[in-house]
Each structure stands twice: as C-alpha cells, then as structure tokens.
Amino acid sequence: MDMTLESCRKFVEVLASSAPAPGGGGAAALVGAIGTALGNMVGSLTVGKKKYADVEAEIIALKEKCDALQTELLDQVEADDKGFVPLAKAYGIPKDDPNRDAILEEATITACAVPMHIMELCCQALEYVAVFAAKGSRLAVSDAGCAAVCCKAGLQAASLNVFINTKSLKNRTVAEEMNAKANGMLEKYCALADEIFTSVRANFN
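Residues numbered from 1 in each chain as written. Predicted model: local features only at pLDDT ≥ 70, side-chain atom pairs only at ≥ 80, totals over all residues. Heavy atoms only, no water.

Enquirer: Describe the side chain of Thr166, listing the residues and the values that go with them.
Expert: Mapping Thr166 onto the fold places it in helix 5 (residues 141-166). Beyond its immediate stretch of four places on either side in the chain, Thr166 contacts Cys112, Arg172, Ala175, Met178 and Asn179. (Helix = DSSP H or I, 4+ residues; strand = E, 2+ residues; numbered from the N terminus. Contact = heavy atoms within 4.5 Å.)

In structure tokens:
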C-alpha cells in the first residue's frame with residue numbers, strides 16, 4: 001500500500017502501529033517532502049509580485065525543481081518500504097543456512113540505499129530553501145525557516161536508518177564508505193539548515 005495516497009490521519013495511525021512500514025525512513029521522506037513544499041510555497045508567494053520582479057525567473061525555475069523534488073521524496077515513502085522487505089525476509093532465514101550471511105549482507109546494503117537517497121534529496125531541498133529564504137517574499141520568510149527545519153529533520157532521521165544498518169555489515173569497508181558519505185551530508189547540510197534558521201529568526205528580533 002502506498003501510504004502517501006492515504007489521509008494524514010491514516011498515515012500517522014499506521015506509523016504508530018506495529019506494522020513494519022512506514023517507519024523512520026518513510027517518515028523522514030514525508031517530512032523532507034513537507035519541508036520542500038514549504039519552501040516551494042514561499043516561491044509561489046513571491047512570483048507575480050512587482051517587488052520581486054528581478055528574481056522572478058530564478059524563483060520560477062527553482063519552483064519547477066521543487067515540484068519534482070517533493071514528488072521524488074514522496075515516492076521514497078513506498079520505496080523505503082520495499083527496500084526493507086528483503087532484509088525482513090533475510091532475518092527469517094534459519095541461522096544454520098550456509099547462505100544466510102551472504103543474503104543478509106546484501107539485503108542490509110539494499111536497505112541502506114533508500115534512506116541514503118532521502119538524505120541526498122533533503123540536501124538538495126536545503127539548497128533550494130536557502131534561496132527562497134534569501135530572495136523570497138519577506139511576508140513568507142518564516143515558512144522558509146520552517147522548511148529548513150523540516151528538511152534538516154528529514155536528513156537527520158534518514159541518516160539514522162543508514163547507520164543502524166551499516167553497523168551490522170560484515171564488510172566494514174563498504175560500511176565506512178556509506179558512513180563517511182552520510183556524515184559528510186550531515187556536517188554540511190545541518191550547518192546550512194541552522195544558518196537558514198538563524199537568518200530567518202533574525203528578521204523577528
């Protein structure tokens with residue numbers, strides 16, 4: 001079931017249940033999509049205003065990118081569910097099966113792929129939100145700040161879904177490569193999100 005086609009209430013109810021999905025990865029993708037959409041809203045409120053005519057073309061182009069990005073983030077809710085299925089099945093393989101370790105290793109790597117991609121998408125979103133915060137309508141600047149907070153949350157939440165899986169990998173070289181990539185995104189883009197929040201907050205002092 002694609003939970004993004006359900007109501008917000010239904011999504012939250014299933015999230016709170018013992019159902020294996022959606023879980024942290026799906027929630028991270030949804031939060032990232034919401035953050036992207038909030039940034040996009042700032043763009044929508046900027047386009048057509050004479051005061052922002054000099055940046056209108058840039059904002060319109062950015063909005064088109066955000067349209068695609070928020071859709072891709074929503075697609076990751078179901079993708080994360082499907083990415084976890086092989087791992088769930090692998091854990092069910094009898095421990096005396098000689099193929100268990102190899103299957104489990106491959107499934108664990110597969111389970112890392114979607115949350116890693118969610119991280120990448122949230123990073124893209126934060127780059128776009130930074131522009132909306134700097135050049136978008138001042139009447140909606142608080143929404144740009146909210147967008148940054150949500151995208152940061154999606155980024156951090158997705159990272160935990162990477163780290164919980166890399167911890168169990170036998171191939172430590174692959175694990176450390178993924179950890180390094182995830183940590184690099186966290187370091188750079190959490191700082192960017194904080195910068196956006198601080199700059200937005202300064203408007204209200």
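Enquirer: Help me get a handle on the pattern of salt bridges, residues and values and all.
Expert: By the definition in use, this model includes five salt bridges. We note a salt bridge from Glu176 to Arg172, for which the minimum N-O separation is 3.3 Å. Of the two residues, Glu176 and Arg172 both sit in helix 6 (residues 172-201), four residues apart, roughly one turn of that helix. Assessed through its relative accessible area of 43%, Glu176 is described here as partly exposed. (Salt bridge = Lys/Arg side-chain N within 4 Å of Asp/Glu carboxyl O. Buried < 20%, exposed > 50% of the residue type's maximum accessible area, 1.4 Å probe, protein only.)

Enquirer: Give me the environment of Glu78: which residues, what numbers.
Expert: Here Glu78 lies in helix 3 (residues 56-91). Considering only alpha carbons, one finds Glu78 and Met3, 75 residues apart in sequence, at a separation of 7.1 Å.

Enquirer: Which residues make up the layout of surface pockets, and what values do they have?
Expert: As a volume, the largest pocket reaches approximately 240 Å³. Residue lining of the largest pocket: 16 residues in total, with Gly25, Asp80, Phe84, Asn161 and Asn165 positioned closest to the centre. If you list the elements that add at least two residues to the lining of the largest pocket, you get helix 2 (24-46), helix 3, helix 4 (100-135) and helix 5. Broken down by element, the lining of the largest pocket gets its largest block of residues, five residues, from helix 3. In terms of residue class, the lining of the largest pocket is built from eight nonpolar, six polar and two charged. Reported here for the second largest pocket is a volume of approximately 180 Å³. Forming the boundary of the second largest pocket are Met3, Thr4, Glu6, Ser7, Cys8, Phe11, Val12, Leu30, Ile34 and Leu74. For the lining of the second largest pocket, the secondary-structure elements that each account for two or more residues are helix 1 (8-16) and helix 2. (1 Å grid on protein atoms, 1.4 Å probe; cavity = no way out; pocket = protein on both sides within 12 Å on 5 of 7 lines; lining within 4 Å. Points joined across faces, edges and corners; volume = space filled by probe spheres on them. Nonpolar A, V, L, I, M, F, W, Y, C, P; charged D, E, K, R; others polar.)

Take it as geometry only, folks, not as evidence of what the structure does.
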